[in-house]
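Tertiary structure, described
Next come the chains, spelled out residue by residue.
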Amino acid sequence: MKSGWVDRDAEAMVADGAKVGIDPDLSLRTYTTRLLGRDPKLVLHGGGNTSLKTKMRDLHGTEVEVLRVKASGADMASIEPAGFPALRLEPMRKLRALATIGDEELLGIERANLIEPRAPNPSVEVMLHAFLPHKFVDHTHATAVLSVIDQPHGEEISAEVFGNMAFVPYLMPGFGLAKKAIEVFERAPSCEGLILSKHGFVTFGETAREAYERMIAFVSRAEDFIARNRKSAAASPSARRPPPVAEVAPIVRGACSQKDDRSDGAWRRLVLDFRSSDAVLDFLDSKDLPRLSDAGVVTPDHTIRTKNWPLVLNAPAPARMGEFTQSAREKAQEFTKRYGDYFARHNKRAGGNKRELDPLPRVVLVRGLGLFGLGRTKEDAVIAADIAEVWVECLRDAEAIGRFESISEADMFDCEYWPLEQAKLGARKEPPLLGQVAAITGAGGAIGAATAKCFAAAGAEVALLDVDRTAAREQANAVGAHALALACDVTDGGSVSAAFEKIAEHFGGVDIVVSNAGAAWQGRIGEVDEDILHKSFELNFYGHQRVAQAAVRIMRVQGTGGCLLFNVSKQAVNPGPNFGPYGIPKAAALALMRQYALDYGADGIRANAVNADRIRSGLLTPQMIASRAEARGVSEKDYMTGNLLGREVAAEDVAQAFLHQALALKTTADVTTVDGGNIAAAMR
Ligand SMILES: [Zn+2]
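Heads up: these notes are all about the structure in this document. (Residues numbered from 1 in each chain as written. Predicted model: local features only at pLDDT ≥ 70, side-chain atom pairs only at ≥ 80, totals over all residues. Heavy atoms only, no water.)

1. Re the coordination of the zinc ion
For clarity, the threshold we go by: In this analysis a donor is any N, O or S atom within 2.8 Å of a metal ion (3.2 Å for sodium, potassium and calcium), and since water is not included, sites may seem incomplete. Each helix is a run of DSSP H or I of at least 4 residues and each strand a run of E of at least 2, with the numbering of both proceeding from the N terminus. Burial classes: relative accessible area under 20% of the type maximum marks a residue as buried, over 50% as exposed, and values in between as partly exposed (1.4 Å probe, protein chains only).
Protein coordination at the zinc ion comes from Glu125 (OE), Glu125 (OE), His139 (NE2), His141 (NE2) and His199 (NE2), with a distance range of 2.1 to 2.7 Å. Sequence positions of the residues that donate to the zinc ion give the spacing E-x13-H-x1-H-x57-H. Here the residue histidine 139 occupies a position in strand β4 (residues 136-140), and histidine 199 occupies one in the loop between β6 (193-196) and β7 (200-205), the gap between them amounting to 60 residues. Like histidine 199, histidine 139 is buried.

Here's what the structure looks like:
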């Protein structure tokens, strides 16, 4: 590993900071923290923290010694100087006299000693930084270091590999570990860093560069040691011809879902993120996989993201997917049972006042295929998959030089259920569609885009499909970083299948489909060209059928129900003159919705439709509004509000109707009218 320090960049940071009154030490603290944070081999998703001891003026103008430490949960890769809350150092150091202190009490003392009262909470490892005397302290969970120290004889190996480092035996992160670390340091005051057994690494120095480059030097030693001592791996890769990820993912997703007892028909679902590489596949082929998969996390704080062990599934064979589904479901059930037992056992030991987290796996290993990270959101699934990949790498290297060993199950439980660790995940209010995946066709248009935004705001992960890829991309960007944009022409069966395969690959499956793509054709029915009718049927009827068919296939594999929503238009029940080519396939689409409700109700799949009218969109353009209003001799405003309520109907109103139907678990074969009131178009 090479140092990322560049003099020019460091100087620029200091110069930019000086312009806004930031102390050079804090600028350099920020600079090297970012250098550490940008390398996933050093720091991953909030693991790791850094600090600086300096002087500053408090709110009274008095100069005081302070500890500036990374805020809890802050991302080191993009941290700003404000991401290092400042605490009065002396009162924090005095705490060393205490034998122990409760989490709440410690947090209270921390907040009482913040120089800026509104600053974020300091890192959970703040006391480690406070007790050590050095100006700059860096702490990481570097993968190569973990491979060396997560061993039965970690202390002996560390002495050989790292030289001038002191070894701190395992204790849970927090106050106890901080006290132990300073005791160890005081017995070896000339050391250049501390090894925290089964957890990570601390380096320090008088300058930001010294602490950072010591970290890089020690990580390099670990990397060299692994490279030199690697036993030649006797890999015997299985002949791999696995089925596509898109086939396997919905099976895994369905197996790792849980009925939600709060409402009949509700499920607690997870979103998936798939990874595979030669390293992952070799690991999955290992004859030691049963032992390794149960061996535990590589550093304690990973347990809140991945749980302590993954769910392991056998290699799926393309011709025997039914068998794979059966065994995946059984193994997932065994997993949740085992997790429940683990919780009960350790909760009893810890005093019985913890609340069990959901027992579903967060990492699934599929032999011969790869691994899935799972989470309630795509973001959480990505984090779990990132950590799982590092876990594989770390275990492979640990086994290449010896034998991997983690902390005990009791220690893992104490970290998983430590309120300060859980606080990193934030007190989340669960939005109603959390964990669900929604696919929306025609998502580049007004109603589709409004629906995608509305469903994402309700917690769903969304895939935006449109024949115009650019339009889908633009709307997806407006929805958020994890929204998926796909080109999809619903008049082409191959295009629809390919889009749904991508959705299954990307999110693990699909739960809600809003079949919205459509276009209007006109013509007097007795005289219209048959080609026009064919075109309209291709899009306004067969398009819905293709989309629904592709979705139902995935939903049935998942086995957790689902919801099909169709944009049918008021034309289905209240035809307009010369609008037959549009209205007739829409009437057929209404019948299609009812047929799906009938044929798949027993699978828990609901089908509903929205009849909307007079929405400003690609169908009803400003020019069209102008010409229709003129034809009727009314103003444009009167034309748009020409309904019983006298209100203009917007795309967002249609989106709300779809959301209502997605949430109404006891409603199927329903048509909701969104037209401001039009008795001639009312359902009867
Ligand atoms: Zn740590």
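2. Some remarks on helix α2 (residues 24-37)
Residues that lie three or four places apart on an α-helix share one face, since the helix turns once every 3.6 residues. Just so we agree on the cut-off: For a helix, the expected span equals 1.5 Å multiplied by the number of residues minus one. By the convention used here, residues are in contact when the closest approach between their heavy atoms is within 4.5 Å.
Taking 1.5 Å of rise per residue, the 14 residues of α2 would be expected to cover 20 Å, and the 20 Å separating its terminal C-alpha atoms lies within 8% of that figure. Counting buried residues in α2 gives twelve out of 14 residues, a clear majority hidden from the surface. Listed in full, the buried residues belonging to α2 are Leu26, Ser27, Leu28, Arg29, Thr30, Tyr31, Thr32, Thr33, Arg34, Leu35, Leu36 and Gly37. Contact partners of the buried residues in α2: α1 (7-19), β1 (49-57), β2 (63-69), β4 and α9 (208-229).

3. Brief notes about helix α21 (residues 530-558)
Here is the rule we go by: Note on bend: the value at a residue is the angle between axes fitted to the seven residues ending there and to the seven starting there. Throughout this description, a polar contact denotes any pair of N or O atoms lying within 3.5 Å of each other; where both atoms belong to protein, one of them has to be capable of donating a hydrogen while the other can accept it, and for residues adjacent in sequence the pair is counted only when both atoms sit in side chains.
Between its first and last C-alpha atoms α21 spans 41 Å; for 29 residues at 1.5 Å apiece the expected length is 42 Å, and the two agree. The largest bend along α21 reaches roughly 40° and is located at tyrosine 542. Between the side-chain oxygen of the N-cap and the backbone nitrogen of aspartate 531 there are 2.9 Å, and the N-cap of α21 in question is aspartate 529. Looking one or two places after α21, you find glycine 559, whose phi comes out positive at around 70°.

4. Focus on the side chain of aspartate 260
For aspartate 260, the position within the fold is in the loop between β8 (258-259) and β9 (267-268). With residues near it in sequence (within four places) discarded, aspartate 260 still touches Ala266, Trp267 and Arg268.

5. Focus on the nonpolar core
Generally speaking, a soluble globular protein has its nonpolar side chains buried in company with each other. Stated precisely, the cut-off is as follows: Think of a nonpolar core as a cluster: buried Ala, Val, Leu, Ile, Met, Phe, Trp, Tyr and Cys residues, connected wherever their side-chain atoms sit within 4.5 Å.
Membership of the largest hydrophobic core comes to 59 residues, with the highest contact counts inside it found for Leu42, Val145, Val148, Phe162, Phe201, Phe283 and Leu365. Per-element tally for this core: the top contributor is α9, with ten residues. With 42 residues, the next largest nonpolar core counts Val437, Leu465, Leu592 and Tyr596 among its residues.

6. Quick word on the packing of helix α10 (residues 245-255) against helix α14 (residues 321-349)
What counts here: Note on geometry: axes are lines fitted to C-alpha atoms, helical ones only across the stretch in contact, with angles between N-to-C directions running from 0 to 180 degrees. Here is the rule for angles: anything less than 35 degrees is roughly parallel, anything more than 145 is roughly antiparallel, 65 through 115 is roughly perpendicular, and the remaining ranges are oblique. Handedness of each helix crossing follows the sense of rotation of the near helix against the far helix: counterclockwise by less than a right angle gives left-handed, clockwise gives right-handed. Gly is put with the polar residues, along with every residue not named as nonpolar or charged; the nonpolar set is Ala, Val, Leu, Ile, Met, Phe, Trp, Tyr, Cys and Pro, and the charged set is Asp, Glu, Lys and Arg.
Contact pair α10 / α14: the axes reach a minimum separation of 9 Å and the direction vectors enclose 30°. Judged by the inter-axis angle, α10 sits roughly parallel to α14. The crossing of α10 and α14 is right-handed. Packed against α10, whose contacting residues are Glu247, Val248, Ile251 and Ala255, the element α14 presents Met321, Phe324, Thr325, Ala328, Arg329 and Ala332 at the interface. Of the residues assigned to the contact of α10 with α14, the class counts are seven nonpolar, one polar and two charged.

7. Thoughts on the sheet that holds strand β13 (residues 370-375)
Backbone hydrogen bonds are what pair the strands of a sheet, in a parallel or an antiparallel way. Put simply, the test is: Any two strands with at least two DSSP bridges between them are considered paired.
The four strands are arranged β10-β13-β12-β11 in an open sheet whose pairing can be described as mixed. Both outer strands of the open sheet, β10 (271-275) and β11 (311-313), are each paired with one neighbouring strand and no more. Taken pair by pair, the neighbouring strands of this sheet meet at an average axis angle of 20°, ignoring direction. Judged from the four bridges that link them, strand β12 (residues 363-366) and β13 form a sheet pairing that is antiparallel. When the bridges of β13 are listed, valine 363 appears paired with glycine 373.

8. Some details on the pattern of salt bridges
A side chain of one charge can pair with a side chain of the opposite charge if their charged atoms are brought near each other. Note the cut-off: Only one rule defines a salt bridge in this text: a Lys or Arg side-chain nitrogen within 4 Å of an Asp or Glu carboxyl oxygen.
Throughout the structure, instances matching the rule amount to 41 salt bridges. A salt bridge links aspartate 397 to arginine 230, with the shortest nitrogen-to-oxygen separation between them at 2.9 Å. Of the two residues, aspartate 397 sits in helix α15 (residues 378-401) while arginine 230 sits in the loop between α9 and α10, which places them 167 residues apart along the sequence. For aspartate 397, a relative accessible area of 13% corresponds to the buried category. Its relative accessible area of 41% is what places arginine 230 among the partly exposed residues. The network of salt bridges with common partners includes Arg268, Lys307, Asp358, Arg362, Arg376 and Glu430.

9. What about the environment of lysine 331?
With respect to the secondary-structure elements, lysine 331 resides in helix α14. Taking the C-alpha atoms as reference points, lysine 331 and asparagine 314, separated by 17 residues in sequence, lie 9.9 Å from one another.

10. Some details on a nonpolar patch on the surface
Note the cut-off: Patches were defined on residues exceeding 30% relative accessible area and lacking a salt bridge, with like-charge contacts within 9 Å and nonpolar side-chain contacts (Val, Leu, Ile, Met, Phe, Trp, Tyr) within 5 Å. In this description, accessible areas are obtained by the Shrake-Rupley approach with a 1.4 Å probe, and a residue is regarded as covered only by the protein chains that are shown.
A cluster of nonpolar side chains, Leu644, Leu645 and Ile679, forms an exposed patch at the surface whose accessible area comes to about 360 Å². Inspection of the secondary structure puts leucine 645 in the loop between α24 (636-640) and α25 (651-663). Using a relative accessible area of 53% as the deciding quantity, one classes leucine 645 as exposed.

11. Some details on the sheet that holds β4
In spatial order, the strands read β3-β2-β1-β4-β7-β6-β5; together these seven strands make up an open sheet with mixed pairing. Each edge of the sheet is formed by a strand with only one pairing partner; in this case those strands are β3 (86-88) and β5 (166-168). Neighbour-to-neighbour, the strand axes of this sheet turn through a mean angle of 25°, independent of strand direction. Note that β1 and β2 share seven bridges and pair antiparallel. Considered in β2, the bridge of arginine 57 is made with glutamate 63. Packing of helix α7 (residues 154-162) onto the sheet brings it into contact with β5, β6 and β7, and relative to β5 it is tilted by some 155°.

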